Amino acid sequence: MNHSAPEQPADVVARLRATFRTGRTKPVEWRTAQLRRLRDMLTEQGAELAAALHADLGKSATEAYRTEIDFTVREIDHTLDHLADWLRPEPAPSPAHLGADVTVWTQYDPLGVVLVIAPWNYPAQLLLAPVVGALAAGNAVVAKPSELSPATSAALARLLPAYLDADAVAVVEGGVPETTALLGERFDHIFYTGNGTVGRIVLRAAAEHLTPVTLELGGKSPAFVDRGTDLAVVADRLARGKFLNAGQTCVAPDYVLTDPETAAALEPLLANAVNALYGSDPAASGAYGRIINERHFDRLVGLLDSGRTVVGGTSDRTAKYLAPTVLADVDPDAPVMREEIFGPILPIVTVPGLDEVIDFINDRDKPLALYVFTESEGTRRRFAAETSSGGLGYGLPLAHLTVSDLPFGGVGESGMGNYHGRYSIETFSHRKAILDKPLR
């Protein structure tokens, strides 16, 4: 039997660049056709993708559809509804010194061949949502799924070429060697989602070619709980936001800041919220996921001694199961507070008052998200004016990520650039200035 050798990254990029130079990807008709085909893939092959997500992360079918498959379908639908308007040339006023017959405007031009590198925690959504924007902007795309979610990577590598224009969209699987080889090529944009360590590697590689980069990183996203709030509602929303995907979510609340009295009242309510979501034995719940691999499991278990266990704390390495865990009496310098947790552990750190909370947040790296639970308009205004974060959510974690009309992205250590909806068009396009003065 004849087995052809895998296409090398340099050959993939050259082939896609040749396609782009023909102009094939630029017409709006091609872009919308690709988006509709991608939508078809998600709706027709959703069960296969959901099975792969369960194999990699223990995700239930409900969670797989809600957070990955249907999420991306909504992004596609929103883009299809608005793409023609977004791409319409935008007139600009012309200055008098150039004459009354001068016309000026801007238009979006596709960049060329873009690379999208996805993480393992939402391996379908975080590959395909950027691809939606790259295709909508008229680019050719190299998609690099995460090798740490191998079932999803294999499914996407098989399905994407079957549904999309294989001369303009390619999937490159593999680990560090394959990613390193890709980063050695010249791209017109690199979109990376993951951690800051690899983000720096991507940025250094991109600098060799002066390639623009979008970095969607993470960080420790705080949740502030003010005294006087409805703590039962707060506990429910914190638990839902934190323990989704077993805590392996870049915008999950990483830790809670509140005063000592509110912390004491919140503790039993968080335990009740976990029980309401997953029952008395979350290991038996079909709605609760698993840790991606043993290395991350061992890292997380090593953080469990950072405070007093309110709920959870049990684990099973063979099953890669770590119970939804809340820790109290956590010192700001405890191991669990030194790095992004990225798992189902929620520490509670007590602070005396609002001034100290804002100082606590500002003394640390700028987070990808900041969540504030308060009834005070003055407190809300202070967080908006006195803190910096990729996104700010009042009363509900994670939700801003689902709004296609909002830009999603980080700031400082939590990333650079943003996407979703129209912001994806801006990310994957060049806004070209055009001036026209007749020769007559």
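Located above this text is the structure these notes cover.
So, a few notes on the structure that sits alongside this text.

Definitions and cut-offs
- Residues numbered from 1 in each chain as written.
- Predicted model: local features only at pLDDT ≥ 70, side-chain atom pairs only at ≥ 80, totals over all residues.
- Heavy atoms only, no water.
- Pairing = 2+ DSSP bridges.
- Helix = DSSP H or I, 4+ residues; strand = E, 2+ residues; numbered from the N terminus.
- Phe/Tyr/Trp six-rings, centres within 6.5 Å; stacked < 30°, edge-to-face > 60°.
- Buried < 20%, exposed > 50% of the residue type's maximum accessible area, 1.4 Å probe, protein only.
- Lys NZ or Arg CZ within 6 Å of the ring centre and 35° of its normal.
- Contact = heavy atoms within 4.5 Å.

1. Quick word on the sheet that holds strand β4 (residues 140-144)
- With mixed pairing, the six strands of this open sheet are ordered in space as β5-β4-β3-β6-β7-β17. Of all the strands in the sheet, just β5 (169-171) and β17 (415-416) have a single pairing partner and so form its edges.
- Pairing of strand β6 (residues 189-193) with strand β7 (residues 213-216) involves four bridges; the strand directions are parallel. In the sheet register, isoleucine 190 faces β7, and the bridge partner there is valine 213.

2. As for the packing of aromatic side chains
- Under the defined criterion, the tally for this structure stands at eight aromatic pairs.
- Arranged with centres 6.0 Å apart and planes meeting at 80 degrees, the rings of tyrosine 288 and tyrosine 321 form a pair that is edge-to-face. Pair noted here: tyrosine 288 is in the loop between α10 (260-278) and α11 (294-301) and tyrosine 321 is in strand β12 (residues 321-322), with a separation of 33 residues, a long-range link.
- Residue tyrosine 288 is classed as buried on the basis of its relative accessible area, which comes to 2%.
- Tyrosine 321 sits in the buried class, given a relative accessible area of 6%.
- Above the plane of the ring of phenylalanine 360 lies arginine 364, whose end atom (NZ or CZ) is 3.5 Å from the centre.
- Arginine 380 extends its terminal NZ or CZ atom over the ring of tyrosine 394, reaching a point 4.2 Å from the ring centre.

3. Examining the side chain of threonine 262
- Within the secondary structure, threonine 262 is located in helix α10.
- The class for threonine 262 is buried, based on a relative accessible area of 7%.
- Each residue touching threonine 262, except ones within four places of it in the same chain, is listed here: Val225, Asp226, Arg227 and Leu231.

4. A few points about the environment of serine 149
- Within the secondary structure, serine 149 is located in the loop between β4 and α6 (150-163).
- Using a relative accessible area of 0% as the deciding quantity, one classes serine 149 as buried.
- Dropping the residues within four chain positions of it, serine 149 is found in contact with Asp56, Trp120 and Pro123.

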